[in-house]
Every structure is written in structure tokens, then in C-alpha cells.
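Below are the chains, spelled out letter by letter.
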Amino acid sequence: MYSIIVVPAHAAAPGSQVRLAPGESLPFGRSTPSVPSALTSPSTLAGPLGPGLAIPHPGISRSAGEIRAAGSYWLLSNFSATSTYVVENPEGAGEHIKIAPGRLDAPVPFEFSRVVLPAGSELVDFGVWAPRHDYAERAHAAQEGEPTTLAFPLDRSKRYFLVLAALCEPRLRDDPHAPLPTVDRIVERLRPLWPAATRASVQWNIDYLAVKLRLKPGPETADPGPRLNGKKESLVSLALRFDLVREDDLAILATAR
């Protein structure tokens, strides 16, 4: 069963994709021979000199690295002596990992990844998909003892979640580095769902979220803590990092167009 799919840059046809089963590996680099659309024999994939993904760019090493499938995730080796590779999560808000020169078998957890390689004065990239998902079975019988406290107890039916969703919307829909909406834009965005929304009420919900998500102490504490600069940025960063707001959650804003 194939678990990893490598998608060359600008690949239009499924035949240009490379499918790897657990245990199979795929070298990539400037002088690596092109691969067929599906490779079924692990023995033909062993080592950096076997069939692999060719990246015909003079700024890419002849043997630049290797991808190895490992069940529901994959491993990336960087054979370069000088260049750091970056693996981006296109569905994350700027989420990425860096693979240092010479690093072997670095695990990559993203379902969709963009591998970015420095190549002279430009960057080249290719995609890797990991569509296989493995989950633990939930126990049917309740265990004794106190229930686990939720880390981020958010009620999606409350107005503060509407405000949080509106804050996160540009980075979930458009660009991970998109500017955040102003309070006035949020008021305008939510007015069809919340006719009484004002600048003061939206700002109150932002302040409440900062306390609820423990970015600042509550009013009952003696020490107010340091002033929180970039409150909206901190809220959105936390929400997207821990999936408190996902793209599916934006459905609650659907009637606010």
C-alpha cells in the first residue's frame, strides 16, 4: 500500500507523481535519473545512486537528498554540506521545519508539504503528500478518576469564537502571512450574524479571548502581568498553531458575506 506521494513542481498529470510504500526511498538531485509513475520494488530504490527525482537546476547538488516513506509520515535526508532545506505546510499559517545540512532521516509530520531547496539565486520546490492517517482507538468504557482538563476550552457557539474565526479567516483562506483584519473590519464582517456588533463589543471579546487562552492574567489576579503587545497577532498565532480554529470552522461565517 502506497503511503507517500511525491509531486514534482508543475506536475500536471498523475503519471508524473511518484508513489512510495512504507520502507521505500526516493533520492533527489540534479543528476538523479527520472522515476516512473509508480515504483513497487524497494530494491530498486535503495541508495542515492538508484532511480530518483531529477531536479535539473545548476544550483542543486547532484545528490541533494532522499525521501523515505514510513507509514503515515516520511523522512527527509539533506545530503548538502552547506544548504538548509525548508519543509513548509501549505495549509498551516507559516508552519515549517528546517532540515540542516547533513541531517539524516528528519521526520516530517505534515499531510501536505512543500520541500523548498535553495538553488543559486532562486528557490526550487516539489510537493510531498502523506494521505495515510493512523489513529488510536478510543476506549468505550469510561475510566475512573477526574476527567482531563481541557487545555483550550472554547465554545464554538459563543460570540467570542465568531470574533476569533474572523481574526483567523485571512490566514486560513488566503496567505499564512496575510495582514490581520482591523477591529472595524471584524465589525463589518460579523454585522449580518451579529447586528449589535460594535468596536467596543468586538474589542471586549478580543480582550476576553486573551484571558481565556491564558495570554494574559485574568482581572482577579493581583499581578496584571506585562502589557501584551500585538494581542491579535498572539491570539491568531496560538489559535492556528494548536488548530483551535480550522478552515472547516469558517463555515460559521458563511452567512456573514
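Think of a sheet as strands paired side by side through backbone hydrogen bonds, with each pair either parallel or antiparallel. Here six strands make up an open sheet; going across it, the order is β2-β1-β11-β10-β7-β8 and the pairing antiparallel. Two strands lie at the open edges of the sheet, namely β2 (18-20) and β8 (96-99), each paired on one side alone. Strand-to-strand twist across the sheet, computed as the mean angle between neighbouring axes with direction ignored, equals 25 degrees. Two elements, strand β1 (residues 4-7) and β2, share three bridges in a ladder whose sense is antiparallel. By the bridge assignment for β2, Ile5 is matched with Arg19.

Attention now moves to the sheet that holds strand β9 (residues 106-108). Read from one edge of the open sheet, five strands run β4-β3-β5-β6-β9, paired in mixed fashion. The two strands at the open ends of the sheet, each matched to only one other strand, are β4 (53-54) and β9. Here two bridges tie strand β3 (residues 25-29) to β4, and the two strands are oriented parallel to one another. Across the sheet, residue Phe28 finds its bridge partner in β4, namely Leu53.

The next subject is the pattern of salt bridges. A full pass over the atoms with the stated rule returns eight salt bridges. Asp105 is the salt-bridge partner of Arg68, the closest N and O atoms lying 3.0 Å from each other. Of this pair, Arg68 sits in strand β5 (residues 65-70) while Asp105 is found in the loop between β8 and β9, placing the two residues 37 residues apart along the sequence. The exposure class assigned to Arg68 is partly exposed, which follows from its relative accessible area of 28%. Between Glu169 and Arg189 there is a salt bridge, with its nearest N and O atoms 2.8 Å apart. Of this pair, Glu169 sits in helix α1 (residues 159-173) while Arg189 is found in helix α2 (residues 183-190), placing the two residues 20 residues apart along the sequence. Both residues of the pair, Glu169 and Arg189, belong to the buried class. The network of salt bridges with shared partners includes Glu169, Arg173 and Arg189.

This part is about the packing of aromatic side chains. Counted according to the given criterion, the structure contains six aromatic pairs. Residues Phe28 and Tyr85 carry aromatic rings whose centres are separated by 6.3 Å and whose planes lie at 50 degrees to one another, so their mutual orientation is tilted. Residue Phe28 is found in strand β3, and its partner Tyr85 is found in strand β7 (residues 85-88); the two are separated by 57 residues along the sequence. The exposure classification of Phe28 matches that of Tyr85, with both residues buried. Taking the centre distance of 6.5 Å and the plane angle of 75 degrees together, the rings of Phe112 and Trp129 count as edge-to-face. On the criterion of sequence distance, the pair formed by Phe112 in strand β10 (residues 112-119) and Trp129 in strand β11 (residues 122-129) is long-range, its members being 17 residues apart.

It is worth spelling out α2 at this point. Taken residue by residue, α2 has Val183, Ile186, Val187, Arg189 and Leu190 as its buried positions. In a view along the axis of α2, the buried residues occupy a sector of 165 degrees, so they form one face of it. Exposed positions of α2 whose direction lies more than 90 degrees from the buried face are Arg185 and Glu188. Of the surrounding secondary structure, the elements contacted by the buried residues of α2 are α1, α3 (199-212) and α4 (231-241).

Our next topic: the packing of α2 against α3. For the pair α2 and α3, the least separation of the axes is 9 Å and the interaxial angle reads 105 degrees. Classed by the angle they form, the pair α2 and α3 counts as roughly perpendicular. Seen from α2, the contacting residues are Val183, Asp184, Ile186 and Val187; seen from α3, they are Arg199, Val202, Gln203 and Ile206. Residues of the contact of α2 with α3, tallied by class, amount to five nonpolar, one polar and two charged.

Turning next to the pairing of β7. Residue alternation in β7 divides its side chains into a buried set, Tyr85 and Val87, and an unburied set, Val86 and Glu88. The sheet contact formed by β7 and β10 spans three bridges and is antiparallel. Residue pairing across strands places Glu88 opposite Arg114, the latter belonging to β10.

Let us now look at the nonpolar core. The biggest cluster of nonpolar side chains holds 31 residues, and the ones touching the most others in it are Leu154, Leu164, Cys168, Leu190, Val202, Ile206 and Val245. If you list the elements that add at least two residues to this core, you get α1, α2, α3 and α4. Sorting elements by how many residues they give to this core places α1 first, with ten residues. In this structure, Val202 is in contact with Val163, Val183, Ile186, Val187 and Trp194, ignoring residues within four places of it in sequence. Among the nonpolar cores identified, the runner-up in size contains 27 residues, and Ala106, Val108, Phe110 and Phe126 belong to it.

Conventions and cut-offs
Residues numbered from 1 in each chain as written. Predicted model: local features only at pLDDT ≥ 70, side-chain atom pairs only at ≥ 80, totals over all residues. Heavy atoms only, no water. Pairing = 2+ DSSP bridges. Helix = DSSP H or I, 4+ residues; strand = E, 2+ residues; numbered from the N terminus. Axes fitted to C-alpha atoms, helices over the stretch in contact; angles between N-to-C directions. Salt bridge = Lys/Arg side-chain N within 4 Å of Asp/Glu carboxyl O. Buried < 20%, exposed > 50% of the residue type's maximum accessible area, 1.4 Å probe, protein only. Phe/Tyr/Trp six-rings, centres within 6.5 Å; stacked < 30°, edge-to-face > 60°. Arc of directions from axis to C-beta. Contact = heavy atoms within 4.5 Å. Parallel < 35°, antiparallel > 145°, perpendicular 65-115°, else oblique. Nonpolar A, V, L, I, M, F, W, Y, C, P; charged D, E, K, R; others polar. Core = buried A, V, L, I, M, F, W, Y, C linked by side-chain atoms within 4.5 Å.

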